[in-house]
Structures are given as C-alpha cells and as structure tokens.
Amino acid sequence: RMQEAEQLVNRAAPRNAGVLIEGESGTGKEVVAAALHARSGRAGKPFVALNCSTVPREIFESEMFGLAYSIAF
C-alpha cells in the first residue's frame, strides 16, 4: 500500500491541481500532503497543514478558497 501511495503522490505532485486527502486519524494524511508539496512546483514555498475538522462549517469554504460573500439587506 505504501508503494501505491507513493506512486499516486509522484503522479499528482507535478500537476497544478487541488488534492483531497482523506483517511482515518493516524493514517499519515499530513505525511502524504508534505510529500506532495515537496515534489510539486511549490516546494520552495511554505507548507501549511490544516486540520479541516477545526474550521467551522459556516466559514470553511471562504477560509479554504478565499471566497468573499456579500450580504444584501
């Protein structure tokens, strides 16, 4: 399974696309994210790990993707 995961990382890293990493607690999601970052074109930039379960559902989209919402009264 580790070799399969590494092959997926190697295929995904060069692409300019978002990657969703899912798994149970303790399965190495952050390790996979760091490997993706290290092998990507953004390797020279900071890597920031985020535990999405700590972000309130109401603001998740704007926090993750920088979307701004306007409210009309």
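Presented here is a report on the structure given in the accompanying data block. (Residues numbered from 1 in each chain as written. Predicted model: local features only at pLDDT ≥ 70, side-chain atom pairs only at ≥ 80, totals over all residues. Heavy atoms only, no water.)

**Focus on the overall build of the protein chain**
Okay, step 1: The number of helices and strands found in the protein chain is 3 helices and 0 strands.
Okay, step 2: Order of helices (α) and strands (β) in the protein chain, N terminus to C terminus: α-α-α.
Okay, step 3: For 73 residues, the compact-globule estimate of 2.2 N^0.38 gives 11 Å, and the protein chain exceeds it by more than 25% at 15 Å.
Okay, step 4: For the C-alpha atoms alone, the extent of the protein chain along its principal axes is close to 55 × 30 × 20 Å.
Okay, step 5: Among the 73 residues that make up the protein chain, the fraction classed as buried is 7%.
Okay, step 6: The long-range fraction of contacts in the protein chain, counting pairs at least 24 apart against all pairs at least 6 apart in sequence, stands at 29%.
Okay, step 7: Approximately 6700 Å² of the protein chain is accessible, and the part contributed by carbon and sulfur atoms is 54%.
Okay, step 8: Each charge sign in the protein chain was given a centre, from 8 positive and 8 negative side chains, and these centres are 9 Å apart. (Helix = DSSP H or I, 4+ residues; strand = E, 2+ residues; numbered from the N terminus. Rg over C-alpha atoms; globule rule 2.2 N^0.38 Å. Buried < 20%, exposed > 50% of the residue type's maximum accessible area, 1.4 Å probe, protein only. Contact = heavy atoms within 4.5 Å. Areas by Shrake-Rupley, 256 points an atom, 1.4 Å probe, with all protein chains shown as cover. Lys, Arg positive; Asp, Glu negative; His and termini not counted. Charge placed at Lys NZ, Arg CZ, Asp CG, Glu CD.)

**Let's talk about the environment of Ala13**
Okay, step 1: Turning to its location among the elements, Ala13 is positioned in the loop between helix H1 (2-12) and helix H2 (29-38).
Okay, step 2: Along the backbone, Ala13 and Arg42 are 29 residues apart, and their C-alpha atoms lie at a distance of 9.4 Å.
Okay, step 3: Non-local contacts of Ala13, meaning those with residues more than four positions away in its chain, are made with Leu36, Arg39, Ser40 and Gly41.

**Notes on the environment of Thr27**
Okay, step 1: By secondary structure assignment, the location of Thr27 is in the loop between H1 and H2.
Okay, step 2: On the accessibility criterion, Thr27 (52% relative accessible area) is exposed.

**Thoughts on a nonpolar patch on the surface**
Okay, step 1: On the surface, Leu50, Met64 and Phe65 cluster together to form a nonpolar patch covering roughly 310 Å² of accessible area.
Okay, step 2: Residue Phe65 is classed as exposed on the basis of its relative accessible area, which comes to 57%. (Patch = residues over 30% accessible without salt bridge, like charges linked within 9 Å, V, L, I, M, F, W, Y side chains within 5 Å. Salt bridge = Lys/Arg side-chain N within 4 Å of Asp/Glu carboxyl O.)

**Description of the side chain of His37**
Okay, step 1: Position of His37 relative to the elements: it lies in helix H2.
Okay, step 2: Classification of His37 by relative accessible area gives buried; the value is 15%.
Okay, step 3: Of the polar contacts made by the side chain of His37, one reaches the backbone oxygen of Lys45; its length is 2.8 Å.
Okay, step 4: Dropping the residues within four chain positions of it, His37 is found in contact with Arg42, Ala43, Lys45, Pro46 and Phe47. (Polar contact = N/O pair within 3.5 Å; in protein donor to acceptor, adjacent residues only side chain to side chain.)

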